[in-house]
Amino acid sequence: MSSDRSWMQHRFDERNNITDEYKDGVKEFIDFALKKKDTHGNIRCPCNECGNLSFHQPERVTYHLYRYGIIEVSDKTQLHTGHRLLGDEERKLAKYYVLGCHIFA
């Protein structure tokens, strides 16, 4: 997964169409999140509507990210799981995206 998250700010072009850059970023995110899917194939949805609290099939998460946009995590945000702080490697990945994985369960 790329560390460049600039695609998150480029959701729409001048004609209000979803940009190819944003679509590519969403696809990369979905591919990454699928590595941590639940037993039903669901991943957490980091859209602005679900707030990373809901689990959905990847196709629905893609739709939500197109429609509602993705929540950004600032570099200063302290990321927690329900029981522990993230390890260094997980924190490096998580600072770029609100992960759609069990790490946040």
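Before reading on, note that the structure itself is shown above.
Residues numbered from 1 in each chain as written. Predicted model: local features only at pLDDT ≥ 70, side-chain atom pairs only at ≥ 80, totals over all residues. Heavy atoms only, no water.

K.L.:
Please set out the environment of F55 residue by residue, giving values where relevant.
P.N.:
Note that F55 resides in strand β2 (residues 55-56). Given the relative accessible area of 32%, F55 is considered partly exposed. When the C-alpha atoms of F55 and N42 are compared, they prove to be 5.6 Å apart, with 13 residues separating the residues in sequence. (Helix = DSSP H or I, 4+ residues; strand = E, 2+ residues; numbered from the N terminus. Buried < 20%, exposed > 50% of the residue type's maximum accessible area, 1.4 Å probe, protein only.)

K.L.:
I'd like a rundown of a negative patch on the surface, residues and numbers included.
P.N.:
On the surface, a cluster of negative charge is made up of D4, D20, E21 and D24. Relative to the helices and strands, D4 is located in the segment before α1 (20-33). Here D4 falls in the partly exposed class, since its relative accessible area comes to 45%. (Patch = residues over 30% accessible without salt bridge, like charges linked within 9 Å, V, L, I, M, F, W, Y side chains within 5 Å. Areas by Shrake-Rupley, 256 points an atom, 1.4 Å probe, with all protein chains shown as cover. Salt bridge = Lys/Arg side-chain N within 4 Å of Asp/Glu carboxyl O. Lys, Arg positive; Asp, Glu negative; His and termini not counted. Charge placed at Lys NZ, Arg CZ, Asp CG, Glu CD.)

K.L.:
Lay out α1 in plain terms, naming residues and giving numbers.
P.N.:
Along its 14 residues, α1 runs 20 Å from first to last C-alpha, staying within 8% of the 20 Å computed at 1.5 Å per residue. When we look at burial in α1, the residues that qualify are Y22, G25, V26, F29, I30, F32 and A33. Take α1 and look down its axis: the buried residues cluster within an arc of 160 degrees, on one side only. Exposed and facing more than 90 degrees away from the buried side of α1 are D20, D24 and K27. (Expected span 1.5 Å × (residues − 1). Arc of directions from axis to C-beta.)

K.L.:
Would you mind going over the environment of E72 in detail, with residue names and values included?
P.N.:
Considering the arrangement of structural elements, one finds E72 in the loop between α2 (58-68) and α3 (88-94). Its relative accessible area of 39% is what places E72 among the partly exposed residues. Distance in space between the C-alpha atoms of E72 and N48 is 9.1 Å, their sequence separation being 24 residues.

K.L.:
Requested: an account of the pattern of salt bridges, with residues and values cited.
P.N.:
In the structure shown here, the tally under the stated rule is one salt bridge. Across the pair D31 and K27 runs a salt bridge, and its minimum N-O distance is 3.0 Å. Pair noted here: D31 and K27 are both in helix α1, with a separation of four residues, about one helical turn.

K.L.:
Lay out unusual backbone geometry with the relevant residues and their values.
P.N.:
The backbone of N16 sits at a positive phi, close to 70 degrees, despite the residue not being glycine. Positive phi values are uncommon outside glycine, yet N52 reaches one of about 65 degrees. Summarising the element assignment, N52 is placed in the loop between β1 (43-44) and β2.

K.L.:
Could you give me a rundown of the packing of aromatic side chains, with the residues and numbers involved?
P.N.:
Following the criterion strictly, the structure yields two aromatic pairs and no others. An aromatic cluster is present here, built from W7, Y22 and Y66 joined pairwise through their rings. (Phe/Tyr/Trp six-rings, centres within 6.5 Å; stacked < 30°, edge-to-face > 60°.)

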